[in-house]
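# Secondary and tertiary structure notes
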Amino acid sequence: MHGPDETAGFARRLARILRPGDTVLLDGPIGAGKTHLARALIRARLGETGERDIPSPTFTLVQTYDAGDTEIWHADLYRLSDPGEVAELGLDLAFDTAICLVEWPDRLGAETPAMALHLTLEPSGETLRLITARAPKPWAARLEPLLSDYAE
């Protein structure tokens, strides 16, 4: 179980291993810490000189950031009613070229990238959360050092 500071630390470490074309699917109920994790990851990729205001994409659906070597797309799909709307957002194209962080990934339907990293955040009490990772085999070597630090 990890609090907000540990979740942000996990996000910063994850930010270092992500590269263009990577998609991270953030699943969990409202208040589980999905946006907190995404913001910490984005700040880490932007560095000290990057934007400090990282708004939630709840109403805009997608926020994009120029992280120098790649774009970062942060999507909150809670308000999508049909997976066909993913193409209208341009997210389907971003999956190939950007680092994509997707909250409420169940809204993607068949548009879910097969090689995505799935992170499930489960709240426990007021501030603690359990983060569970699930990923296709190619992620194993990249994730091993990161996850070994957080294994209980």
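The structure we're discussing is the one just above.
Residues numbered from 1 in each chain as written. Predicted model: local features only at pLDDT ≥ 70, side-chain atom pairs only at ≥ 80, totals over all residues. Heavy atoms only, no water.

### What about the side chain of H74?
- Turning to its location among the elements, H74 is positioned in strand β3 (residues 71–76).
- Judged by its relative accessible area of 0%, H74 falls in the buried class. (Helix = DSSP H or I, 4+ residues; strand = E, 2+ residues; numbered from the N terminus. Buried < 20%, exposed > 50% of the residue type's maximum accessible area, 1.4 Å probe, protein only.)

### Considerations on the pattern of salt bridges
- Evaluated as defined, the whole model comprises three salt bridges.
- The closest approach of N and O atoms between R107 and D106, which form a salt bridge, is 2.9 Å. (Salt bridge = Lys/Arg side-chain N within 4 Å of Asp/Glu carboxyl O.)

### Things to note about the packing of helix α1 (residues 4–17) against helix α2 (residues 34–46)
- Axis separation between α1 and α2 bottoms out at 8 Å; the angle between their running directions is 45°. Taken together, the axes of α1 and α2 lie oblique to each other. Read as a crossing pair, α1 and α2 show a hand that is right-handed. Along the contact surface, α1 presents P4, T7, A8, F10, A11, R12, L14 and A15, while α2 presents H36, L37, A40, L41, A44 and R45.
- A breakdown of the residues in the contact of α1 with α2 according to their chemical character gives ten nonpolar, two polar and two charged. (Axes fitted to C-alpha atoms, helices over the stretch in contact; angles between N-to-C directions. Parallel < 35°, antiparallel > 145°, perpendicular 65-115°, else oblique. Left-handed = near helix turned anticlockwise from the far one by under 90°. Contact = heavy atoms within 4.5 Å. Nonpolar A, V, L, I, M, F, W, Y, C, P; charged D, E, K, R; others polar.)

### Quick notes on the sheet that holds strand β4 (residues 99–103)
- Read across the sheet, six strands follow the order β2-β3-β4-β1-β5-β6 without closing on themselves; strand pairing throughout is mixed. In the strand order of this sheet, the two ends are held by β2 (62–66) and β6 (128–134), each with one partner. The sheet shows a mean angle of 15° between the axes of neighbouring strands, taken without regard to direction.
- In this structure, β2 lies alongside β3, joined through five bridges in antiparallel fashion. Its bridge partner being in β3, V62 is matched across the sheet by A75.
- Seen against the sheet, α1 touches β5 (117–124) and β6 and runs at an angle of roughly 25° to β6.
- Along the sheet, α2 contacts β1 (23–27), β2, β3, β4, β5 and β6; its crossing angle with β4, the most-contacted strand, is approximately 165°. (Pairing = 2+ DSSP bridges.)

### Brief notes about the nonpolar core
- One finds L14, L26, L37, L101 and L119 to be the most contacted residues of the largest nonpolar core, which totals 28 residues.
- When contributions to this core are tallied by element, the ones reaching two or more residues are α1, β1, α2, β4, β5 and α5 (140–148).
- The element contributing the most residues to this core is α2, with six residues.
- Residues in contact with L37, not counting those within four places in the same chain, are T7, F10, A11, L26, L119, L121 and I131.
- In terms of nonpolar packing, the next biggest core, distinct from the first, is built from 17 residues, V62, L77, V86 and A98 among them. (Core = buried A, V, L, I, M, F, W, Y, C linked by side-chain atoms within 4.5 Å.)

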